[in-house]
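This is what each chain is made of:
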Amino acid sequence: MAQSPSPPWNTTTKAIVAVSALALFCLLIWVFRGLLQQVVLAALLAYLLHPLISLIDRRTPVNRVTVVLAVYLVLTLLVVATFLLVGVTTFQQVLDLSRRLPGWFDEALIQLQDLRDQLPESVTVGGFPIPVAGLLPQLPGWDELFGQLFSLIQPIFSRGGSLAANVVTGTVAVIGQILLIFIISIYVAVDIPRIGGMIGNFAQKPGYRKDAERLTSSVAQVWAAYMRGQALLALIIFVLVSAVLGMLGVDNALGLGLLSGAMEFLPIIGPLAGAGAAILVALFQGSPGFGLTPLQFALAVAVAMILIQQIENTLLVPRIVGKALNLHPLLVMVSVVMGASLAGLLGAILAAPVVASLRILGEYAWHKMLDLPPFPDEAGSTEANMDQNDRNIEETEQSTGLTTSPPPSAPATPQVYPLSFKPVFKDYIWGGRNLESKLGKELPPGIVAESWEVAAHANGQSQVATGPMAGRTLSAVLEQWGDQLLGSSVENDTFPLLIKLLDSTRWLSVQVHPNDKYALEHAGDLGKTELWVILHAEPDAELIYGLKSGVDRESFAQAAASGAIEPMLHRIPLRTGDAVYIPAGTVHALGPGAIVVEIQQNSDTTYRLYDWGRSGADGNARPLHISQALDVTDWRIEEPAIAKPPVLPSPAGWVRETLADLRTIGGAAAANLRTVPGADTACPYFRAERLTAQPGAVWKDSCDGSSFQIWGALSGRVTLHWDGEPVELQGVAWLLLPATLGDFEIRAETQSVLLKIQ
């Protein structure tokens, strides 16, 4: 990479710019604070609709912009239709409720303050008299305390009584604002898939991009679980309260249901306000039901509202919202009050998730300041996993009578075993369904472009499919097993490889990957050298592999700037069984009609040069990275060819080829890349061999502690025998053998083709 002529800023300059930018941002927020509420409401609406929009976008060929417009149009029609069907009645009830609640509250306050004088001396329950008046405290200052308590509750009821009325009546006066909210929300909904990447792009220092992605994901989970959960709870509570109060004969049942549903967005305080409003209506309505006195009817409604809240708290909230906030209830209540004082009703609604987000960011900052792991929950998860393993060992001892635990002074050593995984699927626009139709894999609905078979990357984590570690991610297994998994010769503290299956029904973008040095400096990730093993290729399948002879940086940069690089790209036909070695810096693109095994460094860093003029899922052109691509391109790779892999010595019944090797690159590029005669031509990041076995052939090998091995079956059926239960591989499947597994054998049950990677 060329050294930039621009001098770097010193720490003082950076601090001045950062403080100035923060001050400017705060000034803009203050100047345009009148618009802030509409922007927040628009973002919340877009966020609530995002799962539905994404689902339709994935399962239809329509671009995201069209899907967003269609969803918002349908939402508008549904709102109008709902208002025409039940909204008029609800509207009238809410208006009536908003007019009468304040007066009822004042009257209730007077009556409750005189409660001791109104209560009977005793009531009889089951034949036993209970002294009611004596239950009230006879302490000095009780009246003052009682009055202060109700002065605290009064604003809650006043706000609750006017909430729904403000929402309904306000629509008439602020139609323009509602339209503005819808327009802003549409733009936000279109761009939501890009927000995470935009935030991650701010973190360019090595390592911090992953932290940014992790924090963004954690905060997004809080908002998704809370806001969408509260919206669903609001709808359920609206229906439930309206139905129950209607059956009891409470006036304004629909209005009270709407109020209770809307108040769900105010944690703890909101449900109390909704219940209080229902009790007030029951206490003062003209004709109580079931022949009860007003006080008895109000008590019956109170019992009904308490039961509804119990159903909500014990059945609905754990399943819909769960522990999204992870905050103490007192802190939630205080945050709601503070949010209301700072930003009114909207501040009260958003207070809880904002505080939960600040908790996540604060914990991260605190751990970084103390030089502790920033995400300690992973360590806690590992400890829990180890505790479960200890319990499994104890149960084994009790059932067999044998002692398997080490002495108390020795640390417990987890038992390693061959690992198989559940894949992670990616729905990029160039994918299809061929992994299902041609390989027999079980796929989720929609387009599947990649299946990450063995992965431990921030953008995709494979989960163990079987055995004691089932359900844990590969990263969690590595954290627990350590060198027992990787081996003593592997220097990485993360899993170094990533195994994928690719299904290209359209051209992939023309792209290039950086080497380790550039990637760590600019993307906080590893570089990406990769190997493609072609499992299936249609007769006309081809790929772009390197550049044509004579293309240099200057000419290529000019062509890339105008989008006219196609004549400079070197194309070659693709055939089933080909092995394409793609060192970092190679310009390449996979064409349609191919299914590929991709073996690569554990990286997801790609720089696009050209994308065939198409749009992404959001309807916008997918971003290009021409400057970075020009920096990392290896201009020596001119017109490469696919050479036949070298054959290595092997036992009887086996044919063994080495694949990740410069000797598999032929053509004009071969001489350019192999500049030192006799130098090691093998890939420095992984070794990959293809083994073809005759039925009955046996391959003997060992994981002696130096390195792990990955075995993949591409066709046929084989059985792995080791010091444990045999494991069968057939079709296209993978096993990760830990470094300390020991001796093992691969027995071919049928004619088979395998990959051995380490």
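Whatever comes next refers back to the structure up there.
Analysis parameters
Residues numbered from 1 in each chain as written. Predicted model: local features only at pLDDT ≥ 70, side-chain atom pairs only at ≥ 80, totals over all residues. Heavy atoms only, no water. Helix = DSSP H or I, 4+ residues; strand = E, 2+ residues; numbered from the N terminus. Phe/Tyr/Trp six-rings, centres within 6.5 Å; stacked < 30°, edge-to-face > 60°. Lys NZ or Arg CZ within 6 Å of the ring centre and 35° of its normal. 1 Å grid on protein atoms, 1.4 Å probe; cavity = no way out; pocket = protein on both sides within 12 Å on 5 of 7 lines; lining within 4 Å. Points joined across faces, edges and corners; volume = space filled by probe spheres on them. Nonpolar A, V, L, I, M, F, W, Y, C, P; charged D, E, K, R; others polar. Pairing = 2+ DSSP bridges. Axes fitted to C-alpha atoms, helices over the stretch in contact; angles between N-to-C directions. Core = buried A, V, L, I, M, F, W, Y, C linked by side-chain atoms within 4.5 Å. Buried < 20%, exposed > 50% of the residue type's maximum accessible area, 1.4 Å probe, protein only. Contact = heavy atoms within 4.5 Å. Patch = residues over 30% accessible without salt bridge, like charges linked within 9 Å, V, L, I, M, F, W, Y side chains within 5 Å. Areas by Shrake-Rupley, 256 points an atom, 1.4 Å probe, with all protein chains shown as cover. Salt bridge = Lys/Arg side-chain N within 4 Å of Asp/Glu carboxyl O. Parallel < 35°, antiparallel > 145°, perpendicular 65-115°, else oblique. Left-handed = near helix turned anticlockwise from the far one by under 90°.

## Details of the environment of Arg228
Okay, so step 1: Within the element layout of this structure, Arg228 appears in helix 7 (residues 208–248).
Okay, so step 2: Expressed as a C-alpha distance, the spacing of Arg228 and Pro51, which sit 177 residues apart in the sequence, is 9.8 Å.

## Looking at the packing of aromatic side chains
Okay, so step 1: The final tally for this structure, using the stated rule, is ten aromatic pairs.
Okay, so step 2: Consider the rings of Phe556 and Trp635, whose centres lie 5.9 Å apart with planes at 70 degrees: the pair is edge-to-face. Residue Phe556 is located in helix 17 (residues 553–561), and its partner Trp635 is located in the loop between helix 18 (626–632) and strand 18 (640–642); the two are separated by 79 residues in the primary sequence.
Okay, so step 3: Among the aromatic side chains, those forming a connected cluster through ring pairs are Trp654, Trp699, Trp711 and Phe744.
Okay, so step 4: Lying over the aromatic face of Trp452, Lys426 brings its terminal NZ or CZ to 4.6 Å of the ring centre.

## Examining empty space enclosed by the protein
Sizing a probe to match a water molecule and rolling it over the atoms shows the empty space that remains.
Okay, so step 1: This structure, assessed with the given rule, holds three cavities of 30 Å³ or more.
Okay, so step 2: The space that makes up the largest cavity amounts to roughly 80 Å³.
Okay, so step 3: Lining the largest cavity, in full, are Ile237, Val241, Ser260, Glu264, Gly270, Pro271, Gly274, Ala275, Met305, Ile308, Gln309 and Glu312.
Okay, so step 4: When contributions to the lining of the largest cavity are tallied by element, the ones reaching two or more residues are helix 7, helix 9 (269–284) and helix 10 (294–320).
Okay, so step 5: Grouping the amino acids of the lining of the largest cavity by side-chain chemistry returns six nonpolar, four polar and two charged.

## Overview of the sheet that holds strand 23 (residues 698–703)
Okay, so step 1: A sheet is described by the order of its strands in space; here four strands give the open sequence 23-28-25-26, paired in antiparallel fashion. Strands with a single pairing partner mark the edges of an open sheet, and in this sheet they are strand 23 and strand 26 (727–730). Mean inter-strand twist for the sheet, computed between neighbouring axes without regard to direction, equals 25 degrees.
Okay, so step 2: Relative to strand 28 (residues 742–748), strand 23 runs antiparallel, the two sharing six bridges. Across the sheet, Asp701 pairs through a bridge with Phe744, a residue of strand 28.

## Some details on the nonpolar core
A general trend in soluble globular proteins is that nonpolar side chains are found buried together.
Okay, so step 1: Of all hydrophobic cores here, the largest spans 85 residues; its most connected members are Phe495 and Leu531.
Okay, so step 2: When residues of this core are assigned to their parent elements, the largest contribution, six residues, is made by strand 11 (residues 530–537).
Okay, so step 3: Once you skip the residues sitting within four places of it in the chain, Phe495 turns out to touch Val454, Ala456, Leu474, Leu478, Leu486, Asn602, Phe708, Ile710 and Leu736.
Okay, so step 4: Val281, Met305, Ile349 and Ala356 belong to the second largest nonpolar core, which has 48 residues in total.

## Let's talk about a nonpolar patch on the surface
Okay, so step 1: Taken together, the side chains of Leu24, Leu27, Leu28, Trp30 and Val31 define a hydrophobic patch exposed on the protein surface, amounting to about 530 Å² of accessible area.
Okay, so step 2: Mapping Leu28 onto the fold places it in helix 1 (residues 11–31).

## What to know about the side chain of Ser504
Okay, so step 1: Relative to the assigned elements, Ser504 resides in strand 9 (residues 497–504).
Okay, so step 2: According to the relative accessible area criterion, Ser504 is buried, its value standing at 0%.
Okay, so step 3: Dropping the residues within four chain positions of it, Ser504 is found in contact with Trp430, Leu590, Gly591, Pro592, Gly593 and Ala594.

## Section: helix 8 (residues 253–262)
Okay, so step 1: Buried residues dominate helix 8, accounting for seven of its ten residues.
Okay, so step 2: Those residues of helix 8 that sit buried are Ala253, Gly255, Leu256, Gly257, Leu259, Ser260 and Gly261.

## Brief notes about the packing of helix 8 against helix 9
Okay, so step 1: In the contact formed by helix 8 and helix 9, the axes pass within 8 Å of each other and the chain directions differ by 160 degrees. For the element pair helix 8 / helix 9, the angle class is roughly antiparallel. Both helix 8 and helix 9 take part in a crossing whose hand is right-handed. For the pair formed by helix 8 and helix 9, the contact residues are Leu256, Leu259 and Ser260 on the first element and Gly274, Ala277, Ala278 and Val281 on the second.
Okay, so step 2: Taken together, the residues of the contact of helix 8 with helix 9 break down into five nonpolar, two polar and no charged.

By themselves, these figures tell us nothing about what the structure is for.
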